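A structural walkthrough
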Amino acid sequence: MEARRDSSKTPGFDAQLQAFAYQGLPTFARRPLLTEPEQLDQRKPDVAIIGAPWDDSTTYRPGARFGPRALRCQVGSAGSGYQLDARMSLFDYLDVVDFGDAICSPGMVEASHCAIRERVSEVVRRGIVPIVLGGDHSVTWPAATAVADHHGFARVGMIHFDAHADADDVIAGNRASHGTPMRRLIESKAIAGSDFVQIGLRGYWPCDDTLDWMHSQGMRAHTMTEIWERGCRKVVQDVVDWARGGPNAFYLSVDVDVLDPGFAPGTGTPEPGGMTSIDLLQAVRRVAREVNIVGMDVVELSPPYDQSDVTTHIALRVIFEALVAMAQRRRDSEPAQESRPTASLNGVQDRHWHSV
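Report on the accompanying structure. None of the values given here were measured: they were computed from a predicted structure. Each residue is numbered by its place in its chain's sequence as written, counting from 1. At least 70 in pLDDT is required for a residue's local features to be given in this predicted model, at least 80 for side-chain atom pairs to be given and counted, and no such filter applies to totals for whole chains, interfaces and linings, which use all residues. For side-chain calculations, the full set of non-hydrogen atoms in the structure is used, while hydrogens and water are omitted.

When two helices pack together, their arrangement is given by the angle between the helix axes and the distance between those axes. Every angle, taken between N-to-C directions, lies between 0 and 180 degrees, and every axis is a line fitted to C-alpha atoms, over only the stretch in contact when it is a helix. Each helix is a run of DSSP H or I of at least 4 residues and each strand a run of E of at least 2, with the numbering of both proceeding from the N terminus. Where helix H4 (residues 109–124) meets helix H5 (residues 140–151), the closest approach of the two axes is 8 Å, and the angle between their N-to-C directions is 35 degrees. The two elements H4 and H5 cross, and the hand of that crossing is right-handed. From H4, His113, Ile116, Arg117, Val120, Ser121 and Val124 reach across to H5, where they touch Trp141, Pro142, Ala143, Thr145, Ala146, Val147, Asp149, His150 and His151. Only Asp, Glu, Lys and Arg are considered charged in this grouping, and only Ala, Val, Leu, Ile, Met, Phe, Trp, Tyr, Cys and Pro are considered nonpolar; every other residue, Gly among them, is considered polar. Grouping the amino acids of the contact of H4 with H5 by side-chain chemistry returns 8 nonpolar, 5 polar and 2 charged. The hand of a helix crossing depends on one turn: near helix anticlockwise from the far one by less than a right angle means left-handed, and clockwise means right-handed. For this analysis, residues touch if any pair of their heavy atoms sits within 4.5 Å.

Here the focus is the packing of aromatic side chains. Note on aromatic pairs: the rings of Phe, Tyr and Trp (six-membered ring only in Trp) are paired at centre separations within 6.5 Å, and the planes decide the class, stacked below 30 degrees, edge-to-face beyond 60, tilted for the rest. Tallying each qualifying case throughout the model produces 2 aromatic pairs. A centroid spacing of 5.8 Å and a plane angle of 20 degrees characterise the contact between Phe28 and Phe320, whose relative ring orientation is stacked. Here Phe28 is found in the loop between helix H1 (11–17) and helix H2 (37–43), whereas its partner Phe320 is found in helix H11 (residues 310–333), with 292 residues between them in sequence. There is no split in this pair, since Phe28 and Phe320 are both buried. Taking 5.8 Å as the distance between ring centres and 65 degrees as the angle between the ring planes, the aromatic pair formed by Trp242 and Phe250 counts as edge-to-face. Across the pair, exposure class does not vary: Trp242 and Phe250 are buried alike. Criterion for a charge above a ring: Arg CZ or Lys NZ at most 6 Å from the ring centre, at most 35 degrees from the ring normal. Sitting above the plane of the Phe99 ring, Arg119 keeps its charged end 3.7 Å from the centroid. Above the face of the Trp213 ring, Arg183 is positioned so that its terminal group lies 4.1 Å from the ring centre. A 1.4 Å probe rolled over the protein chains alone gives each residue an accessible area, and that area as a share of the maximum for its type sets the label: buried under 20%, exposed over 50%, partly exposed in between.

We now examine the sheet that holds strand S5 (residues 129–134). The 8 strands lie next to each other as S4-S1-S5-S10-S9-S6-S7-S8, forming an open sheet whose pairing is parallel. Each end of this open sheet is capped by a strand with a single partner; those strands are strand S4 (96–101) and strand S8 (220–223). Ignoring strand direction, the axes of neighbouring strands in this sheet form an average angle of 15 degrees. A strand pair is defined by DSSP finding two or more bridges across the two strands. Looking at chain direction, strand S6 (residues 156–161) and strand S7 (residues 196–201) are connected through 4 bridges and run parallel. Residue pairing in the sheet places His160 in a bridge with Gln198 of S7. Against the sheet, helix H10 (residues 277–290) makes contact with S6, strand S9 (249–255) and strand S10 (293–299), and its axis sits at roughly 170 degrees relative to S6, the strand it touches most.

This next bit is on the environment of Gly81. With respect to the helices, strands and loops of the structure, Gly81 is situated in the loop between helix H3 (67–73) and strand S2 (82–83). We classify Gly81 as buried; its relative accessible area is 1%. Sequence-distant contacts of Gly81, defined by excluding residues within four places in its chain, comprise Met88, Ser89, Leu90, Phe91 and Phe320.

Residue placement: Thr267 occurs in the loop between S9 and H10. Every residue in contact with Thr267, bar those within four places of it in the chain, is listed here: Arg61, Asp255, Val256, Asp257, Glu300, Ser302 and Tyr305.

Right, let's get into the side chain of Thr27. Considering the arrangement of structural elements, one finds Thr27 in the loop between H1 and H2. Not counting chain neighbours up to four residues away, the residues in contact with Thr27 comprise Leu17, Leu33, Arg72 and Asp98.

Oppositely charged side chains may form a pair once their charged atoms are brought near each other. Here, a salt bridge means any Lys or Arg side-chain nitrogen found within 4 Å of an Asp or Glu carboxyl oxygen. Scanning the model with the defined rule gives 25 salt bridges in all. With a shortest N-O distance of 2.7 Å, Arg72 and Asp98 are connected by a salt bridge. One end of the pair, Arg72, is in helix H3; the other, Asp98, is in strand S4, with 26 residues separating them in the sequence. We classify Arg72 as buried; its relative accessible area is 8%. For Asp101, the salt bridge goes to Arg72, with nearest N and O atoms at 2.7 Å. One end of the pair, Asp101, is in strand S4; the other, Arg72, is in helix H3, and 29 residues separate them in sequence. Classification of Asp101 as partly exposed rests on a relative accessible area of 28%. Taken together, the shared-partner salt bridges connect Asp41, Glu118, Glu122, Arg125 and Arg126 into one network.

Phe28, Val47, Ile159, Phe161, Leu280, Ile293 and Leu323 are the most contacted members of the largest nonpolar core, which has 59 residues in total. Looking at this core element by element, the count peaks at 12 residues for H11. Beyond its immediate sequence surroundings of up to four residues, Phe28 is in contact with Ile49, Leu71, Arg72, Asp98, Leu133, Leu316, Ile319, Phe320 and Leu323. Within the second largest apolar cluster, 40 residues are counted, among which are Ala48, Ala144, Met182 and Ile186. Residues grouped as a nonpolar core are buried Ala, Val, Leu, Ile, Met, Phe, Trp, Tyr and Cys residues, joined through side-chain atoms within 4.5 Å.

In structure tokens form, the structure reads like this:
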């Protein structure tokens, strides 16, 4: 099947979207840009990308407000949507649009968070999956709340990749800090603590009082020490098995600082000893393939601290891996079709060449 197309677009607009990464309009993956809710009603896409350019809640290095634009400007070979392992173009099964940014006002956390929540609500209330481009991690509070508004409070779970728990109560007098969104979601009952799982925690924060509170809420955590000792594949399998016994819908939140700074220097709070890029990409694809993801964000990308755009490219691939997995779920739910012959390299059948 082909992705639905907006018949109102002109050939010139199409050409701008289909240009190479260094020219044309910088929409996410060169997807059509929609700005009005009525356009969502007309097109009825499956996924909508939303920018949340807010970083006034960060406690260390700023710059994440530039994350959404950086992700739109860097597409490269991923722009076609074709994934080698899956042997499919995700855009054949998912119609993805760029729904622009929530308009955030510097210094005005309440107004900016309200704008994010409303922008995500316009998407999710229409049955469209929102993918939010951060921004610091405080944007998860309004974004995930909007998803819970639609699907029901305490009916959505959270799968959270991060170096930090982000479950403090107050940081420097700020209850809307990028270190507090998970506590706000639990306290508001948008997401139950028992439906939370965190992967990649490490370092020197938070302290005992926060860890004790997390334990009292039933939150689960897989630290980097556990990942190092047991291996990433086993830990991810545990996460998937746990999720299958939980809610029918999950929000996926990926803080790029879950990666080791050697792979992702462009972040506000780098923490040595993190995941490798291959482990994170495979983990996200596995989770999104096996679990019903109804909302997602990728946060804490700070382009001013990036080197050669390596963090931006990894963050972009995290989103593409999730989209490919969603497309695979869609493909697998359709009537079976004749499969392609197994690929071979140099004329020899490769036993590792298969969909995952």
